[in-house]
Amino acid sequence: METKTSEEAEGASVEFEPSDIEYVSYGGEHHLPLIMRLVDQELSEPYSIFTYRYFVYLWPHLSFLAFHKGNCVGTVVCKMGEHRNTFRGYIAMLVVIKPYRGKGIATELVTRSIKVMMESGCEEVTLEAEVTNKGALALYGRLGFIRAKRLFRYYLNGVDAFRLKLLLPRPEINPALLMAANNDNSLLHDSNKPPEGSSQHY
Amino acid sequence: MAERGEGGDAPLPASIYSDEQTVWADVSPLLEAACRDLRDGELIHGENFSLFAAMSALEIMDPKMDSGIEHSGYHSIEEAIEDGAAPIPLSFDRTVDVQCTIDIMDHFLACEATWHKGHSLAQTVFSCIYLLRLDRTSPHALLHSYCRIMRATCAAVISVVSDARTHEGRVVRLCMGHYWCCMDFTTCVGLSFLNSMSLEEDLFTMAYGLPLKGEGDEKCLSMLNAVEETISRQLRACKASSSKKGILENIEPLQTNLDLEEGYCKALLCRLRFRKHFYHVLMCMKKPQGRGFELARKHIASCLSELAYIYNSLEFLGFNAYGSCQNDIEDSTTASGRQPVGFDASLNSRLAAPTPPRAIKILSWKKAIKYFEKLLHDLDTICSFSMDPLLEGILRFVVQFQKSQPDLVARAHLQRLLVQDGKLYGRDPVFDVICRAAAVSDVPKNSGIQKSEIVLQLGQLAINLLKILCTNAAWQRRKLGKILQDWSVIYVQLELASKRDFAETPNILTDVNVSMKLSKHLLIWTEEQIYWIASRFLMLGFELDLYSPTEYCMVYWYMYVVLIKLAEATQLRMGTSSDIAKRKGKKKRDLPKDLAKDSQIPPMVLLLQCYICLSEGLTMMLAALRNEHKIFQRPSAFNTEEERFIQHFELLQRAHVPGHISYMLFKESTSHAQFSTLVRYNYFKDAQRIAKELRSSFSSDSDRLVELRQIEQVAEHNWIALNVICQAGAEDPSLKISFEFSHHPCFAIATVKRS
């Protein structure tokens, strides 16, 4: 899947206070066109409406939207499930529109998703990013992701990808860290039990 | 929604006969009724229809998904031909006909390079309508012979890559797996390729439904030779007439514009000859055990010189191009800059499975020439390989070969040379190879040891290792990480077996001795391979850009630990082999001088010592920067450095390579690093000193001398950086320190700048 965001601002940016941005968990069908518009605009791969529904219907609590003055300016879409005996979270799409990049919105969106994944018992979180997507690589690097593998000509345009992985600490080993990450999660929903038999699609 | 066919208002029949069991039915009324029933946001659920399955649905008329929208307009090859998309002759003006034929040849070269670089055959070489209906071209001897050798060449290349296909991988993300099975909107079917994993060679060799083999292709060379002969005579005749020597033979010229005759003859000849020699290269390299390599090298040299002629024809062809050339030559797929006649990539899109049929960009003609130059140089390197019987030399050769990042076709050739019929070079049984590598001198005859389960497995592991080393770097690293466990398991088994053998056969002393020695040698050798694989695994991580600068410290530390183990195992193995050399040497009088100094450390081990020093030096410098300058460390929101350590070295740790290594140990060995102590005990100086001393040992080995020079440079730059940082002190905030790989792909040098 893809990520289109950069902490380096490109082009004309919009002036706003971080507190002006409102983060909302996926709230229903009325959010779907907003997510779709953003992803369609920014990412090259074709996703049908069913792709979005697959994610947001099964894991609504893992998807977030960022609003500025009522406009949706960023979104993150995720899933989680069993993968080779590991309960794994997966970040499928992450988009922040250009004028709003470089202000930490993407970091906040991903952070919220990962917190829910941690609460739900995920042991690790993965995603793919183009090797040339420096912004995304830096963002995920700051969160603790490592580049676990390089996927040779992964995208159909011939570009390699990195499989990024975040190993979450086991609570019994490092409880302080988990507690720190769990602070301020009033926005988060109850953890949903993941559906059985779901699998990664990459 | 279903669309009506092209008939416009004419109603479709209720059903169309398909075969005895089935009919095609128009489902539009059913879908319309279903649409009326469903509200916005409602979904159909079914046992065999989940949200996951729904993702493979297609949205018709969405240009991102529906490749049918950008269809060329032809429904079949026949339709394209009838419409004049691939005329024969290409023009009734013979000059234009020649020009167009050259364009086709050039575009073929670009297509072929694009195919080799990872696109499907169907969308590249076989986008040529002439090639898809080869028999049609028989009246046009020039085009026909060229198309035929193209087809035979593709088949030969596919055969090499198929032979080598066991391992090479490329995980292809097939977007969400949309694939047109049928272009007709009333009967569209979407197939899901979710979770698909396709190997690099699979995509390469995919040739479903393409006319790849045809009768008479074995005669492709003689056809080409005949055409070449005719054109060389035309060239001779043209030269003779222009020098007023009179006409030698009564030969009809190639085309009608006599001023251009020589230029066109030459442009064609180098293209034909390139094809001929390239085909010869493939055929020679196909011969078992490298028997055709010498001849192959001659053809490679010819190919390269013909490529140069082809490139030089650019000026002539570009200047004399008829019609307008809109293309910029840098992007053009032909030397003339024109679009070629007779190619249509969309005709084959139904055959392009399993990738969604998308438009691909064919490499430019100039890039294609560059690609073939590189391929030929890589093949030449393979052909000039001495076919070293020693595994150590082979591993070194393969690693060296991979440094130039050869593409799939070259790598497949190397793999086929190394492993044929489960034997090295198709010649040496693996057991013999291992015994040689492990310096086992006397294998007890009829001892059955060759057939023992463990030895067979060890042989299989060695073969797999060779194959893996021939794959692309990304796949290679993943596979190396995985096979480490197999090697570790076999090591433990060997260890157990040697103890058991000793316990069970106490009577026959000589046998015990021999078998004990064999076990000991195999054990040492296996251990050495394990650490060699581990070091390669770690180093490839740098080449693939998998480590961030904040992780360099732990990676160099792990590398240091692995390299020490590797050096120990190598020294042990060489110690045992020099025992043998000593014994053998005593029988002969002319004992080589350097064997006499067997108490010294072998050069190979000293070379490893250089890398150990560099690794340790970099570890400590990075650790001191973290401890005193508070840089190159990264606190992160969700985990600690320990988790990142576990992730990076998971595969090594799982295989106990080496045992008892933990994050705690890493912390213990680096948490006290300081610049003041680092300058006093300098690892970089040691590396530099040993590298200098080693020059005489490797004086006849140019690759090793380059390697030593690299080591010296890395050591020197880091030594200077270390001093600068040390003098500036930790308090100086204006120092900007970064690490670069300008002198070695794995060993960084610190660069210090003042901001």
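Not measured: the values here are computed from a predicted model.

**Re the overall build of chain B**
Here is step 1 of the chain: For chain B, the helix and strand inventory stands at 26 helices and six strands.
Here is step 2 of the chain: For chain B, the residues scored as buried account for 53% of the 755 residues in total.
Here is step 3 of the chain: A sequence separation of at least 24 residues applies to 77% of the contacts in chain B between residues at least 6 apart.
Here is step 4 of the chain: Surface summary for chain B: the accessible area is close to 35,100 Å², and the carbon and sulfur share equals 53%.

**Concerning the side chain of Glu42 of chain A**
Here is step 1 of the chain: Secondary-structure assignment places Glu42 of chain A in helix α1 (residues 32-42).
Here is step 2 of the chain: Here the side chain of Glu42 of chain A touches Arg101 of chain A through a polar contact of 2.9 Å, side chain to side chain.

**Remarks on a nonpolar patch on the surface**
Here is step 1 of the chain: A cluster of nonpolar side chains, contributed by Val27, Leu30 and Leu31 of chain B, occupies part of the molecular surface with about 260 Å² of accessible area.
Here is step 2 of the chain: You can see Leu30 of chain B is positioned in helix α1 (residues 28-37).

**So, the environment of Thr137 of chain B**
All names here are of chain B.
Here is step 1 of the chain: Mapping Thr137 onto the fold places it in the loop between α5 (129-132) and α6 (141-163).
Here is step 2 of the chain: Sequence separation between Thr137 and Pro87 is 50 residues, and the spatial gap between their C-alpha atoms is 9.3 Å.
Here is step 3 of the chain: At 2.5 Å, the side chain of Thr137 and the backbone oxygen of Leu134 are in polar contact.

**Focus on helix α21 (residues 641-648) of chain B**
Here is step 1 of the chain: For α21 of chain B, a buried count of six out of eight residues is recorded, marking the element as mostly surrounded by other parts of the structure.
Here is step 2 of the chain: Residues of α21 of chain B that are buried: Glu641, Glu643, Arg644, Phe645, Gln647 and His648 of chain B.

**What to know about the pairing of strand β5 (residues 86-96) of chain A**
Residues and elements named next belong to chain A.
Here is step 1 of the chain: Buried residues dominate β5, accounting for 11 of its 11 residues.
Here is step 2 of the chain: As judged from the 10 bridges shared by strand β4 (residues 71-83) and β5, these two strands associate in the antiparallel manner. Residue pairing for β5: Met80 is matched across the bridge by Gly89.
Here is step 3 of the chain: Counting the residues between successive antiparallel strands, the hairpin from β4 to β5 contains two residues, one of them, Arg84, with a positive phi of roughly 50°.
Here is step 4 of the chain: Sheet topology note: the β5/strand β6 (residues 124-130) ladder contains three bridges and is parallel. Pairing of Arg88 across the sheet is with Glu124, part of β6.

**Focus: the nonpolar core**
Here is step 1 of the chain: The biggest cluster of nonpolar side chains holds 284 residues, and the ones touching the most others in it are Tyr140 of chain A together with Phe739 of chain B.
Here is step 2 of the chain: No other element matches helix α20 (residues 603-629) of chain B, which puts 16 residues into this core.
Here is step 3 of the chain: The residue makeup of this core includes at least three contributed by each of domain 1 (77-241 + 253-376) and domain 2 (587-755) of chain B.
Here is step 4 of the chain: Residues contacting Phe739 of chain B, with those up to four places away along its chain left out, are Tyr552, Leu618, Met621, Leu622, Leu625, Phe632, Ala748, Ile749 and Ala750 of chain B.

**Details of the packing of aromatic side chains**
Here is step 1 of the chain: Considering all chains together, one arrives at 38 aromatic pairs over all chains under this definition.
Here is step 2 of the chain: Judged by centre distance (5.1 Å) and plane angle (70°), the rings of Tyr54 of chain A and Phe55 of chain A are edge-to-face. Grouping residues by exposure puts Tyr54 of chain A and Phe55 of chain A together as buried.
Here is step 3 of the chain: Aromatic side chains Phe632 of chain B and Phe739 of chain B sit 5.3 Å apart centroid to centroid with 75° between the ring planes, which places their arrangement in the edge-to-face category.

**Some words on the state of the cysteines**
Here is step 1 of the chain: For the coordinates displayed, the defined rule picks out zero disulfides over all chains.
Here is step 2 of the chain: Here Cys383 of chain B stays free of any disulfide, with the sulfur of Cys284 of chain B as its closest cysteine sulfur at 8.4 Å.

**Observations concerning the packing of α20 of chain B against helix α26 (residues 702-728) of chain B**
All names here are of chain B.
Here is step 1 of the chain: Closest axis-to-axis distance for the α20/α26 pair is 11 Å, and the angle between their directions is 25°. In terms of their interaxial angle, α20 and α26 are classed as roughly parallel. Between α20 and α26 lies a crossing of left-handed hand. Of α26, the residues touching α20 (which contributes Met604, Leu607, Cys610, Tyr611, Leu614, Leu618, Met621, Leu625 and His629) are Arg704, Glu707, Leu708, Ile711, Val714, Ala715, Asn718, Leu722 and Ile725.
Here is step 2 of the chain: Classifying every residue of the contact of α20 with α26 by side-chain character gives 14 nonpolar, two polar and two charged.

**Quick notes on the confidence of the model for chain B**
All names here are of chain B.
Here is step 1 of the chain: This prediction gives chain B a mean pLDDT of 84; 82% of its residues lie at or above 70.
Here is step 2 of the chain: In the model of chain B, helix α19 (residues 593-596) stands out as the element of lowest mean pLDDT, 42, in contrast to helix α11 (residues 365-383), which has the highest, 98.
Here is step 3 of the chain: Long-range and interchain partners of residues 167-198, a stretch whose pLDDT sits below 50, account for 122 contacts in this model, where long-range means more than four residues apart.
Here is step 4 of the chain: As a predicted assembly, this complex carries a pTM of 0.85 together with an ipTM value of 0.82.

**Side note on the packing of helix α25 (residues 683-694) of chain B against α26 of chain B**
All names here are of chain B.
Here is step 1 of the chain: The N-to-C vectors of α25 and α26 enclose an angle of 155°; their axes lie 8 Å apart at closest approach. On the basis of the axis angle, α25 is roughly antiparallel to α26. When you trace α25 past α26, the crossing you get is left-handed. Here α25 contributes Phe684, Lys685, Ala687, Gln688, Ala691, Lys692 and Leu694 to the contact with α26, which in turn contributes Leu708, Ile711, Glu712, Ala715, Glu716, Asn718, Trp719 and Leu722.

**What about the pairing of strand β5 (residues 735-740) of chain B?**
Residues and elements named next belong to chain B.
Here is step 1 of the chain: With burial as the criterion, only one face of β5 is covered, namely that bearing Leu735, Ile737 and Phe739; the residues Lys736, Ser738 and Glu740 on the opposite face remain uncovered.
Here is step 2 of the chain: Of the strand pairs in this sheet, β5 and strand β6 (residues 749-754) are connected by six bridges, and their pairing is antiparallel. When the sheet's bridge partners are listed, Ile737 is paired in β6 with Val752.

**Digging into unusual backbone geometry**
Residue and element names in this part refer to chain B.
Here is step 1 of the chain: Ile88 connects to Pro89 through a cis peptide bond whose omega is -10°.
Here is step 2 of the chain: Within the secondary structure, Pro89 is located in the loop between α3 (77-82) and α4 (94-116).
Here is step 3 of the chain: Of the consecutive residues Val657 and Pro658, the connecting peptide bond is found in the cis state with omega at -20°.
Here is step 4 of the chain: The topology assignment puts Pro658 in the loop between α22 (650-654) and α23 (663-670).
Here is step 5 of the chain: Its identity as a non-glycine residue notwithstanding, Gln405 has a phi of 50°, on the positive side.
Here is step 6 of the chain: Along the chain, the position of Gln405 falls in the loop between α12 (391-402) and α13 (408-418).
Here is step 7 of the chain: The phi angle at Lys630 is positive, at roughly 60°, despite the residue not being glycine.

**Describing the pattern of salt bridges**
Residues and elements named next belong to chain B.
Here is step 1 of the chain: Per the stated rule, a full pass over the model turns up 39 salt bridges over all chains.
Here is step 2 of the chain: Among the salt bridges present, the one from Lys276 reaches Glu228, with a minimum N-O distance of 2.9 Å. Of this pair, Lys276 sits in helix α9 (residues 261-286) while Glu228 sits in helix α8 (residues 220-242), placing them 48 residues apart in sequence. Comparing Lys276 with Glu228, the two get one shared label, buried.
Here is step 3 of the chain: The salt bridge involving Arg704 is made with Glu707; its shortest N-O contact spans 2.8 Å. Highlighted residues: Arg704 and Glu707, both in helix α26, separated by three residues, approximately one helical turn.

What counts, and where the lines are drawn
Residues numbered from 1 in each chain as written. Chains lettered and ligands numbered in written order. Predicted model: local features only at pLDDT ≥ 70, side-chain atom pairs only at ≥ 80, totals over all residues. Heavy atoms only, no water. Helix = DSSP H or I, 4+ residues; strand = E, 2+ residues; numbered from the N terminus. Buried < 20%, exposed > 50% of the residue type's maximum accessible area, 1.4 Å probe, protein only. Contact = heavy atoms within 4.5 Å. Areas by Shrake-Rupley, 256 points an atom, 1.4 Å probe, with all protein chains shown as cover. Polar contact = N/O pair within 3.5 Å; in protein donor to acceptor, adjacent residues only side chain to side chain. Patch = residues over 30% accessible without salt bridge, like charges linked within 9 Å, V, L, I, M, F, W, Y side chains within 5 Å. Salt bridge = Lys/Arg side-chain N within 4 Å of Asp/Glu carboxyl O. Pairing = 2+ DSSP bridges. Core = buried A, V, L, I, M, F, W, Y, C linked by side-chain atoms within 4.5 Å. Domains from an automatic or database assignment. Phe/Tyr/Trp six-rings, centres within 6.5 Å; stacked < 30°, edge-to-face > 60°. Disulfide = S-S within 2.5 Å. Axes fitted to C-alpha atoms, helices over the stretch in contact; angles between N-to-C directions. Parallel < 35°, antiparallel > 145°, perpendicular 65-115°, else oblique. Left-handed = near helix turned anticlockwise from the far one by under 90°. Nonpolar A, V, L, I, M, F, W, Y, C, P; charged D, E, K, R; others polar. pLDDT = per-residue confidence, 0-100.

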